[in-house]
Amino acid sequence: MDNKSYVSDERLSSNGTHGHTKSYGTTPDGSQSASKENGETLDREKAPLLCSSRLALSIISCLGFINVYALRVNMSVAMVCMINQTALAELRDIQGRDVFNVSKIPLRPSTCRGEGIVVNASSSDPSHKEDGEFAWPKEIQGLVLGSFFWGYLTTQVMGGWLSQRFGGKHVFGWFMFVCAVVTLLMPVAARLHYVALIVTRIIAGICQGVVWPAMAVLWATWAPPLERGMLCSLCYAGAQIGNVLTFPIAAALCENGFDGGWPSVFYVLGALGVVWFVAWMYVVYDSPELHPRTSDREKKYITQSLQGNMTTSMERKVKTPWLKIFLSMKVWAIVVTHTCANWGTYTFLTNMPTYLREVLYFPVQAVRPVKPVAAWVHFRCLEIKLTFT
């Protein structure tokens, strides 16, 4: 009778560590002996998570997503402080005029100056205290707020290709650096012309479109299967943390910031983005093998745990079954639910500050507690999406 062999894979013990994976053979006399081959273990105690490079990646990427969403939703709050409601009211009172061509509308000198776009903030009327610099009608405000997503849409698929070709570290880092620099230029662009502001917002959207694909490529080489859920959860939690923090910080800067208040929103958040970029380029590497500060134990643990999951260069050349993907009902179910969830979430995030200010006549301070409510709505949408997929 042929000798039979089997592999015993001990699962996680109660203390959360891996067991030894041993190969046993059955001898002709029926006794079992441990084989020395494949005797290497993947014991987590040999590569602890605390103070590891993979945990550092999770933390710095969490800060990165905080930065991503801070630079994404800052305009929603800043727009409330940028618009001069008194000037817009005067524009509505003038019948038969084109609200877009504000340079031809005669406004009181105490209200507006120049081309009718920049407002004199030194009005002695107390009712003008919270009025901003710009007399942009709703159409222009909508273009400014929505232009970010025009650019964001264009680089979703491209981000994955760029990350596989040049590495997720450089794609995530450099694109976010450009986004931070563009954010620093937004006050200048706004005072120059609203079209210039729209262009900067489109560029910011293009830069942020590569973020999620780039992070997925990084985790493919850094996250052991049994730790992937925890590492990715910590990383992506930065998205909601960024939303929660940005609203009160931006509202406070609008009230008490420098250069008129609202420009400090872009200056402060853009500067923080540049600081994060420097830290990211120092801490992150595309793979454990390239990281000079990763221990040999951790490199071995990650590499062995990902065996069978990592694709070789030959496997990457396999053609993607696009037709089967597009005809899959499961894929379309995910697309539809994800689209609906994001539609509601970003509509809420983008318009709620303006709604509170212009419809409910709340002061800017009232914007601060809005984001926790938005976060709650977002998580409920995610629950519904997961339920149907």
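No experiment lies behind these values; they were computed from the predicted model shown.

A count of helices and strands for the protein chain gives 13 helices and three strands. Expressed as a percentage of its 389 residues, the buried residues of the protein chain come to 43%. Taking all contacts inside the protein chain whose residues are at least 6 apart in sequence as the whole, residues at least 24 apart take part in 74%.

For the rest of this paragraph, the subject is helix α4 (residues 156-166). Those residues of α4 that fall on the buried side of the exposure criterion are Gly 159, Gly 160, Leu 162 and Ser 163. Tucked into the core, α4 has its buried residues touching α5 (168-192) and α7 (211-222). Note on α4: the residue one or two positions beyond its end, Gly 167, has a positive phi of about 100°.

One non-glycine residue, Cys 51, lies in the positive phi region at around 65°. Its place among the elements puts Cys 51 in the loop between β3 (32-34) and α1 (53-82). The backbone phi angle of Asp 259 is positive, close to 55°, even though this residue is not glycine.

A word on α5. Taking 1.5 Å as the rise per residue, α5 with 25 residues should run 36 Å; its terminal C-alpha atoms sit 35 Å apart, in good agreement. Along its length, α5 shows its largest kink, about 40°, at Met 186, and proline Pro 187 lies within four residues downstream of that point.

Let us now look at the confidence of the model for the protein chain. In the predicted model, the protein chain carries a mean pLDDT of 74, and 65% of its residues have values of at least 70. Contacts for the low-pLDDT stretch residues 1-42, under 50 throughout, to residues beyond four places or in other chains number 55 contacts. The low-confidence segment residues 95-129, where pLDDT is below 50, has 51 contacts with residues more than four positions distant or belonging to other chains.

Scanning the entire structure with this criterion turns up one cavity of 30 Å³ or more. Computed from the structure, the largest cavity encloses a volume of approximately 60 Å³. Lining of the largest cavity is provided by Arg 72, Val 73, Ser 76, Leu 145, Phe 148, Phe 149, Arg 201, Tyr 346, Leu 349 and Thr 350. Going through the elements one at a time, α1, α3 (138-154) and α12 (329-358) are the ones with two or more residues in the lining of the largest cavity.

Procedures and definitions
- Residues numbered from 1 in each chain as written.
- Predicted model: local features only at pLDDT ≥ 70, side-chain atom pairs only at ≥ 80, totals over all residues.
- Heavy atoms only, no water.
- Helix = DSSP H or I, 4+ residues; strand = E, 2+ residues; numbered from the N terminus.
- Buried < 20%, exposed > 50% of the residue type's maximum accessible area, 1.4 Å probe, protein only.
- Contact = heavy atoms within 4.5 Å.
- Expected span 1.5 Å × (residues − 1).
- Bend = angle between axes of the 7 residues up to and from the residue.
- pLDDT = per-residue confidence, 0-100.
- 1 Å grid on protein atoms, 1.4 Å probe; cavity = no way out; pocket = protein on both sides within 12 Å on 5 of 7 lines; lining within 4 Å.
- Points joined across faces, edges and corners; volume = space filled by probe spheres on them.

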